[in-house]
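What follows is the residue order along each chain.
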Amino acid sequence: MTFCRTLKCLLLSSTIALAPVAHAAGITVHDARNRDIAVTDVARTVSIGGAITEIIYALGLENRLVGIDTTSLYPAAALHDKPNVGYMRQISAEGVLGLNPTLILAIQGSGPRETMDILETAKVPLVLVPDTFSEDGLIEKIRLVGHAMGVDARAACLSAAVGADLAQLRALRARVTKPVRVMFVMSLQNGRALVAGHKTAADEIIRLAGAANAIDEFDGYKIIGDEAIAAARPDVALSIERGKDSLSADAIFAHPGFALTPVAANKSFITMDGLYLLGFGPRTAAAARDLSVKLYPSLAGPGAAFTSALSAANCRQ
């Protein structure tokens, strides 16, 4: 048997194995662009956005994935097993379309704009998944991805498990009597801090953990100077782990702005995995729990009683 004939047989057997949910005829998805997108086939799905990839794996549909982006760090098998189309904000249209996808699921904010325009004109359904940083937004993200993939029952199962985790988190958060002031620092650029204001994932995860964002004057991310840092008087500096580009505790404590705040006085600096902390995927409640315990050591006991419903739920079939 020739190689081509062998490949043809392998593809045929693979198609038969995927048949139960490979086709999603009749599904319409209302996406972040306020458009209705018709989805007919999910056999070759490209996921752009770490939270989307994590949801797809939690739904047991990873064998439908033919490509992911570099933010898809969980589970670790994703980056190891799947072709990579690049960073979500620097996607190549050729890289995505070269995988012959039947469906593209992209998190809101993916780009650049030129790439998204090309993907939009291609004859492949492009669903832009809303990235709303809230409990309701997280649940809706799961439901939308599940609906687009044709597995509403699995998505309902996962949504219920995540909802149960969020309920546990609310009970833990209710124990906080005096919220600490947290400043999320993405980076230090030429000695100036890039920090998170309102309407950001960092702002919401701080709130979910029972703390207050020390930045209250603006939305989004902004570079601020030493005087603004000192005036905000954060109790804790929070950042994400970024390999060699990660901020260090020493850099924060020695910074002229933070040196005048309780951050340096109390040596209060926390770093966590970026996707876990800011991804707003299925593990968000657990991430907020972990942050809460770091912020409030007195919650270590109640926090240890937090048992994720995700570990007990079987939403993959």
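Predicted model, so just to flag it, every value in this text is computed and none were measured.

Chemist: Which residues make up the environment of Ala 212, and what are the values?
Modeler: In this fold, Ala 212 is placed in strand S9 (residues 212–213). Once residues within four sequence positions are removed from consideration, Ala 212 is found in contact with Pro 179, Val 180, Arg 181, Val 182 and Ile 206.

Chemist: Give a detailed account of the pattern of salt bridges, specifying residues and quantitative values.
Modeler: In total, this model carries 13 salt bridges according to the counting rule given. A salt bridge links Glu 62 to Arg 316; the nearest nitrogen and oxygen atoms lie 2.6 Å apart. Residue Glu 62 is found in the loop between helix H2 (50–58) and strand S4 (65–68), and its partner Arg 316 is found in the segment after helix H14 (300–304); the two are separated by 254 residues along the sequence. When its relative accessible area of 38% is taken as the criterion, Arg 316 is described as partly exposed. Between Arg 170 and Glu 135 there is a salt bridge, with the nearest N and O atoms lying 2.4 Å from each other. Remark: Glu 135 occurs in helix H6 (residues 135–148) and Arg 170 occurs in helix H7 (residues 152–173); sequence separation between them is 35 residues. Looking at Arg 170, the relative accessible area reads 38%, which means it is partly exposed. On the basis of relative accessible area, Glu 135 is assigned to the buried category, the value being 16%. A network of salt bridges, in which partner residues are shared, links Asp 31, Arg 33, Arg 35 and Glu 120.

Chemist: Let's hear about the environment of Gln 108: which residues, and what values?
Modeler: With respect to the element layout, Gln 108 can be found in the loop between strand S5 (103–107) and helix H5 (113–121). Sequence separation between Gln 108 and Met 88 is 20 residues; the distance between their C-alpha atoms is 9.7 Å. What Gln 108 contacts, discounting residues up to four positions off in sequence, is Ala 32, Leu 128, Val 129, Pro 130 and Asp 131. In this structure the side chain of Gln 108 is engaged in a polar contact, spanning 3.1 Å, whose partner is the backbone nitrogen of Asp 131.

Chemist: If you had to explain the sheet that holds strand S3 (residues 45–48) to someone new, which residues and values would you point to?
Modeler: With parallel pairing, 4 strands are arranged side by side in an open sheet as S4-S3-S5-S6. The two strands at the open ends of the sheet, each matched to only one other strand, are S4 and strand S6 (126–129). On average, adjacent strands in this sheet sit at an angle of 20° to one another, irrespective of strand direction. As judged from the 3 bridges shared by S3 and S4, these two strands associate in the parallel manner. Pairing of Val 46 across the sheet is with Gly 67, part of S4. Here H5 sits on the sheet in contact with S5 and S6, set at roughly 135° to S6.

Chemist: Just give me the short version of the pairing of S6, but keep the residues and values in it.
Modeler: Consecutive side chains of a regular strand alternate in pointing toward one face of the sheet and then the other. Because side chains alternate across S6, one face comprises the buried residues Leu 126 and Leu 128, and the other comprises Val 127 and Val 129, equally buried. In this sheet, S6 lies alongside S5 in parallel orientation, the contact comprising 4 bridges. Note on S6: the bridge partner recorded for Leu 105 is Val 127. Chirality of the crossover, the property in question, places the unit of S5, H5 and S6 among those that are right-handed.

Chemist: Pulling in residues and values, what's your account of the pairing of strand S7 (residues 181–189)?
Modeler: Sheet analysis places S7 next to S9, joined by 2 bridges and oriented parallel. Directly across from Val 182, in S9, lies its bridge partner Asn 213. Judged from the 3 bridges that link them, S7 and strand S11 (residues 236–241) form a sheet pairing that is parallel. Bridge assignment links Val 182 to a residue of S11, and that residue is Val 236.

Chemist: Explain the nonpolar core to me, and be specific about the residues and the numbers.
Modeler: With 81 residues, the main nonpolar core has Ile 48, Leu 105, Val 127, Phe 184, Leu 277, Leu 291 and Leu 295 as its most contacted residues. Excluding residues that lie within four positions of it along the chain, Leu 295 makes contacts with Val 180, Val 182, Ala 209, Ala 211, Val 236 and Ile 270. Val 195, Ile 224, Phe 258 and Val 263 belong to the second-largest nonpolar core, a separate cluster that totals 17 residues.

Chemist: Which residues make up the side chain of Ser 292, and what values go with them?
Modeler: Here Ser 292 lies in helix H13 (residues 284–295). Those residues within four positions of Ser 292 in sequence are excluded, and the remaining contacts are Leu 172, Ala 209 and Leu 299.

Chemist: Pulling in residues and values, what's your account of the packing of H6 against H7?
Modeler: Relative to each other, H6 and H7 sit at 165°, their axes nearing to 8 Å. On the basis of the axis angle, H6 is roughly antiparallel to H7. In the packing of H6 onto H7, the handedness of the crossing is right-handed. For the pair H6 and H7, contact is made by Glu 135, Leu 138, Ile 139, Ile 142, Arg 143, Gly 146 and His 147 and by Asp 152, Ala 155, Leu 158, Ser 159, Val 162, Gly 163, Leu 166, Arg 170 and Arg 173, respectively. Across the contact of H6 with H7, the residue classes break down as 7 nonpolar, 4 polar and 5 charged.

So, how was this worked out
Residues numbered from 1 in each chain as written. Predicted model: local features only at pLDDT ≥ 70, side-chain atom pairs only at ≥ 80, totals over all residues. Heavy atoms only, no water. Helix = DSSP H or I, 4+ residues; strand = E, 2+ residues; numbered from the N terminus. Contact = heavy atoms within 4.5 Å. Salt bridge = Lys/Arg side-chain N within 4 Å of Asp/Glu carboxyl O. Buried < 20%, exposed > 50% of the residue type's maximum accessible area, 1.4 Å probe, protein only. Polar contact = N/O pair within 3.5 Å; in protein donor to acceptor, adjacent residues only side chain to side chain. Pairing = 2+ DSSP bridges. Axes fitted to C-alpha atoms, helices over the stretch in contact; angles between N-to-C directions. Right-handed = clockwise from strand over helix to strand, strands pointing away. Core = buried A, V, L, I, M, F, W, Y, C linked by side-chain atoms within 4.5 Å. Parallel < 35°, antiparallel > 145°, perpendicular 65-115°, else oblique. Left-handed = near helix turned anticlockwise from the far one by under 90°. Nonpolar A, V, L, I, M, F, W, Y, C, P; charged D, E, K, R; others polar.

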